[in-house]
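The residues making up each chain are set out below.
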Amino acid sequence: MKSQDIRKAYLQFFESKGHLIVPSAPIVLKDDPTLMFNNSGMAQFKEYFLGNGTPKSKRIADTQKCLRVSGKHNDLEDVGFDTYHHTMFEMLGNWSFGDYFKKEALAWAWEFLTEVLKLDKDRLYVSVFEGNPEENVPFDQEAFDIWKQFVSEDRIILGNKKDNFWEMGDQGPCGPCSEIHIDLRSDDERAKVAGRDLVNADHPQVVEIWNNVFMEFNRKADGSLEKLPAQHVDTGMGFERLCMAMQGVTSNYDTDVFTPLIHKVEEITGLKYTDNSVTLSGVEGQEQNKINIAIRVIVDHVRAVAFAIADGQLPSNNGAGYVIRRILRRAIRYGFTFLDTKEPFIYQLVEVLANQMGEFFPEIKKQQVLVTNVIREEEASFLRTLEQGLQLLEVVVAETKGNEVSGAKAFELYDTFGFPKDLTALILKEKGMTYNEAEFEVELKKQKDRSRAASEVSTDDWRILIAGNTETFVGYDQTENEVKITRIRKVDSKKDGVLYQIVLDATPFYPEGGGQVGDRGVLISANEAIEIIDTKKENNLILHIAKQLPENVNVAFVAKVNTDLRTASSKNHSATHLMHLALRTILGTHVEQKGSLVTPNYLRFDFSHFSKVTDEELRQVESFVNQRIQEHIPLIERRSIPIQQALNEGAMALFGEKYGDNVRAIKFGDSMELCGGIHVSNTADIWYFKIISEGAVAAGIRRIEAITGDAVKDFFASQENTLAEIKESLKNPQDVLKAVSSLQEDNAKLKKQVEQLLKDKAKGLKGELEAQIKEVNGVQFLATQVDLDANGAKDLAYELGNNKTNLFLVLATASEDKPMLTCYISKELVADKGLNAGQVVRELGKYIQGGGGGQPFFATAGGKNVNGIAEALENAKAFLK
């Protein structure tokens, strides 16, 4: 049974049981500060389990893209070494929100596996929670009795808290779970050892395929449990493992989820992957196993990276973007080390992935070109970094006395250049060396401890002041409102210190979302004013962040938004919409928003485009937006219209965003977008729009930064002041442009004169230096400092070398206190003695605290330490010994 058919069968089965089938949420979470990525099927439904929202149906089923590479659920380092861990995986899930419970969930799970898919009942085992007296949670007798209807008691396993009690995190909804495991071993192996003895023992062929979680409790900050007001079912089935069971193989990677990608890697590299049915042994087996691991890493990681990019997360140096970059770089370096791939190639797998999964996940097909370009550019960039790492490793080896490299040095390569320790070990082994692994691990632990300490957060339980789900947002119509506090909690972090989160019953504060920053302002009572420093949204609650709590949290307050900041943000947000339309009009409809930031001070807009936006095109974009501002176009806002109606009317939906059945549409003339942000009531309120910068973010992604309103006034005033200062320094000429052009012409003439003087000076020096050349071991040698710039030194080196066939020359210069070494070696010497100018300047460059490179016969190195020149020149002769 093909993977596509298995997925369809699951969804059709639960649709027949009254479940609403919903699409997968994006793999990247944009509006949940507690998670970077969707790490489980239930993540998008957290607000319903917490009682902060109402689902569109009490019964829902889906297949959810998940990513586990950070935090509590971190499978990254296992990926590739076994046959069943993944970074990205699909989780088939069916959900009950206060509707059916254990009886139906377990019966339907058994029915689907044994009657629809017809899996062998003799290979299935189930587990139930054995109970935990310390937490007053009893043995799950109900689940045990239900399972006895389907399996014999010897196939029901009692599991402890680690295996059979599922928790969302350190706090939040949780409950006992009942798992279904399958034994995929051969009949001979099964006859020797019973499958039940291998359940939850990390056996690669005895694996969990379905987990039925019964959400009954809420874990509080002190670790205690309290009963939830309603009972829920949260089930998850590993799609890749289910495909393994259905396709008669013993590795997820041998299923058709991965084999098309593996075949493509084989085609590109010319290497072969051996499936799990092949036994590997001996030296050849060890080498083949390394190839297999590398291929598994690559085909797994490209899925995670491609879907993350398709859902809106570009690789970067921080946050979720850093995690994506780290996953991709792990794949690149496994290819580099074990598949001998020195050129970008992983990007070629995107087409295979898009063809394979595009039917059910259309975003990967729609964003295929973008994903391909970004991965190709990231590969090229990291391969260059690896080359730098190789050069640095050569320096480390040269500086090492003995056969063991410092673990701290190896870690520096890993930490700064992402240079993997296995690659370091491999290269050192070829040189008969090792590195101090224990020292490396000490440094790695220090780094992890620093990172963990920096991100440590302690969150108290909510203190509920007004019960019920009563919170509303009134900020589209009001910036000031009478409110009551419904709940409060304290959050303590290393980064921000102690802060308080306050929830109001009817807040005018806009929470950060859709690229727009959260509102700031004050809460005012009869006796005090509490500053709100930020507003965020979490699990459908709007959180007002403050450094202190009111003395009396039960009285009435006036919530007052800082309207100056709000107004400035609204101008920038509306201008973002107009600019989006302008870019699509001027550059083409291929332009799509790929990210944005709207603050009171400026706006930032990332978009897909294949080349630099020209100055003329930027002027056209500015003119387009400012024309709409001058037309005084009124805002047309519709707060709750069916999403399909909005799309039919031409509204732009942004990729990577999760929309409900009803949406808010914002329209300014021809610009219409789905948006929850704050906007001006008329384009005239923006006043003026000015682009400040344009540049590349990634392959095929450009970024524009722009300003509006008062920021433009300040910008124009600053430009005017700068122009006045220039005029004054030029003695107030009538024509400033003409005066500057005249200066440039004079400067160009003087430059030419200086260049000629330096050339003449170099020629004059030639005779002096020729007299200083000495013979060292049969080579004409000179190492000296000259009073020239870098170009002059180069000309002089070639002048001296033109008529000699065995010259070894090192010239040092110190123009403007910047030391430079220039090395010239006659080509005959390079060929006969194996000398290399690039290697010479790299070694001597250490004395001037710098480095460089070039060709074997000519190379240069720049540095910072002028005082090191003498030592560098003194050591040049060592290359001729």
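This section reports on the structure supplied with the text.

Calculation rules
- Each residue is numbered by its place in its chain's sequence as written, counting from 1.
- Only residues with pLDDT of at least 70 get local features here, since the model is predicted, and only at 80 or more are side-chain atom pairs given and counted; chain-wide, interface and lining totals rely on the full set of residues.
- The basis for every side-chain value is the complete set of heavy atoms in the structure, and neither hydrogens nor water enter the calculation.
- Starting at the N terminus, helices and strands are each numbered in turn, a helix being any DSSP run of H or I of at least four residues and a strand any DSSP run of E of at least two.
- Exposure is judged per residue with a 1.4 Å probe applied to protein chains only, and the accessible area is read against the type maximum: over 50% gives exposed, under 20% gives buried, and values in between give partly exposed.
- In what follows, a contact means two residues having at least one pair of non-hydrogen atoms within 4.5 Å.
- The method behind every accessible area is Shrake-Rupley, applied with a 1.4 Å probe, and residues are considered shielded solely by the protein chains displayed.
- A residue counts as positive if it is Lys or Arg and as negative if it is Asp or Glu; His and the chain ends are not included.
- The atom standing in for a charge is NZ when the residue is Lys, CZ when it is Arg, CG when it is Asp and CD when it is Glu.
- Counting of polar contacts relies on pairs of N or O atoms within 3.5 Å, with two restrictions inside protein: one atom must be capable of donating a hydrogen and the other of accepting it, and residues adjacent in sequence are counted only when both atoms are side-chain atoms.
- For helices, the fitted line uses only the C-alpha atoms of the stretch in contact; every axis is such a line through C-alpha atoms, and the angle between N-to-C directions lies from 0 to 180 degrees.
- Angles below 35 degrees are treated as roughly parallel, those above 145 as roughly antiparallel, those between 65 and 115 as roughly perpendicular, and all remaining angles as oblique.
- For any helix crossing, the convention is left-handed if the near helix is rotated counterclockwise from the far helix by under a right angle, and right-handed if that rotation is clockwise.
- When residues are sorted by character, Ala, Val, Leu, Ile, Met, Phe, Trp, Tyr, Cys and Pro go into the nonpolar class, Asp, Glu, Lys and Arg into the charged class, and all the rest, Gly among them, into the polar class.
- In this description, strands pair whenever DSSP reports at least two bridges between them.
- Expected span, for any helix, means 1.5 Å times one less than how many residues it has.
- Among the buried residues, those of types Ala, Val, Leu, Ile, Met, Phe, Trp, Tyr and Cys that are joined through side-chain atoms within 4.5 Å form a nonpolar core.

Looking only at helices and strands, the protein features 25 helices and 37 strands. Dimensions of the protein along its principal axes, counting C-alpha atoms only, are 100 × 80 × 50 Å. A total of 881 residues make up the protein; the buried ones form 50% of that total. At a minimum sequence separation of 6, the contacts of the protein that also span at least 24 residues come to 68%. Of the roughly 41,200 Å² of accessible surface on the protein, 46% is carried by carbon and sulfur atoms. In the protein, which carries 104 positive and 129 negative side-chain charges, the distance between the mean positions of the two groups comes to 2 Å.

Residue position: Thr-274 is located in the loop between α8 (259-269) and α9 (282-310). A polar contact is formed between the side chain of Thr-274 and the side chain of Asn-292, at a distance of 2.6 Å. Leave out the neighbours within four places in its chain, and Thr-274 touches Leu-280, Gln-288 and Asn-292.

For the pair helix α21 (residues 736-772) and helix α22 (residues 790-801), interaxial distance at closest approach is 9 Å and the crossing angle is 45°. Compared by their axis directions, α21 and α22 come out oblique. When the axes of α21 and α22 are compared, the crossing they make is right-handed. Of the residues in α22, those touching α21 at Lys-759, Ala-762, Lys-763, Leu-765, Lys-766, Leu-769 and Glu-770 are Gly-792, Asp-795, Leu-796, Glu-799 and Leu-800. Grouping the constituent residues of the contact of α21 with α22 by class yields five nonpolar, one polar and six charged.

Within a sheet, neighbouring strands are paired by backbone hydrogen bonds and run either parallel or antiparallel to one another. Across the sheet, three strands lie side by side as β27-β28-β29; this open sheet has antiparallel pairing. On the outer flanks of this sheet lie β27 (636-642) and β29 (671-674), each paired with one strand and no other. Neighbour-to-neighbour, the strand axes of this sheet turn through a mean angle of 25°, independent of strand direction. With four bridges connecting them, strand β28 (residues 662-668) and β29 associate as antiparallel partners. Within the sheet, the bridge partner assigned to Ile-666 lies in β29 and is Glu-673.

What follows covers helix α11 (residues 349-357). In terms of burial, α11 is a largely internal element, seven of the nine residues being buried. All buried positions along α11 are accounted for by Leu-349, Val-350, Val-352, Leu-353, Ala-354, Gln-356 and Met-357. Lining the buried residues of α11 we find α1 (3-16), β5 (88-97), α8, α9, α12 (362-366) and α13 (368-399).

The next point concerns the pairing of strand β10 (residues 206-219). Across the 14 residues of β10, 13 count as buried, placing the element largely inside the fold. Where β10 and strand β11 (residues 225-238) come together, nine bridges link them in antiparallel fashion. Each residue of the ladder has a partner; that of Asn-218, found in β11, is Glu-226. Between β10 and β11, which follow one another and run antiparallel, lie five residues, and Gly-223 among them has a positive phi close to 95°.

Another point: helix α10 (residues 319-338). For α10, with 20 residues, the first-to-last C-alpha span of 29 Å sits near the 28 Å given by 1.5 Å per residue. When you tally the buried positions in α10, you get 15 out of 20 residues, the bulk of the element. Once α10 finishes, Asp-340 follows within two positions and takes phi at roughly 60°, a positive value.

Another point: unusual backbone geometry. A positive phi is found at Asp-340, a non-glycine position, where the angle reads about 60°. Of the residues examined, Asp-340 reaches a relative accessible area of 57% and is grouped as exposed. Positive phi values are uncommon outside glycine, yet Asn-732 reaches one of about 50°. Relative to the helices and strands, Asn-732 is located in the loop between α20 (709-729) and α21.

Moving on to the packing of α13 against helix α15 (residues 421-430). The geometry of α13 relative to α15 is characterised by a closest axis approach of 12 Å and an angle of 50° between their N-to-C directions. By the angle class used here, α13 and α15 are oblique. Both α13 and α15 take part in a crossing whose hand is right-handed. In this structure, α13 uses Leu-386, Leu-390, Leu-393 and Val-397 to contact α15, whose residues at the interface are Leu-423, Thr-424, Ile-427 and Leu-428. Taken together, the residues that form the contact of α13 with α15 break down as seven nonpolar, one polar and no charged.

Here we take up the side chain of Thr-400. If you trace the backbone, Thr-400 turns up in the loop between α13 and β12 (404-405). Side-chain polar atoms of Thr-400 contact the backbone oxygen of Val-396, separated by 2.6 Å. Contact partners of Thr-400, with chain neighbours within four places excluded, come to Val-405 and Met-433.

Side chains of nonpolar character tend, in soluble globular proteins, to be buried together. One finds Phe-112, Leu-113, Leu-242, Ile-346 and Ile-375 to be the most contacted residues of the largest nonpolar core, which totals 121 residues. Ranked by residue count, the leading element in this core is α9, at 15 residues. The next biggest cluster of nonpolar side chains, apart from the first, holds 27 residues, and it includes Leu-603, Ile-666, Cys-675 and Ala-706.

Let us look at the sheet that holds strand β36 (residues 851-854). Strand order in this open sheet of six strands is β32-β33-β34-β35-β37-β36, and the pairing throughout is mixed. For this open sheet the edge positions go to β32 (774-776) and β36, each flanked by a neighbour on one side alone. The sheet shows a mean angle of 20° between the axes of neighbouring strands, taken without regard to direction. Two elements, β32 and strand β33 (residues 779-785), share three bridges in a ladder whose sense is antiparallel. Each residue of the ladder has a partner; that of Glu-775, found in β33, is Gln-780. Most of the contacts of α22 go to strand β34 (residues 807-815), to which it runs at about 160°, and overall it touches β34, β35 (818-825) and β37 (858-862). Packed on one face of the sheet, helix α24 (residues 837-844) meets β34, β35, β36 and β37 and runs near 150° to β35.

For the rest of this paragraph, the subject is the environment of Ser-16. Mapped onto the secondary structure, Ser-16 falls in helix α1. For Ser-16, a relative accessible area of 56% corresponds to the exposed category. At a separation of 2.4 Å, a polar atom in the side chain of Ser-16 contacts the main-chain carbonyl oxygen of Phe-13.

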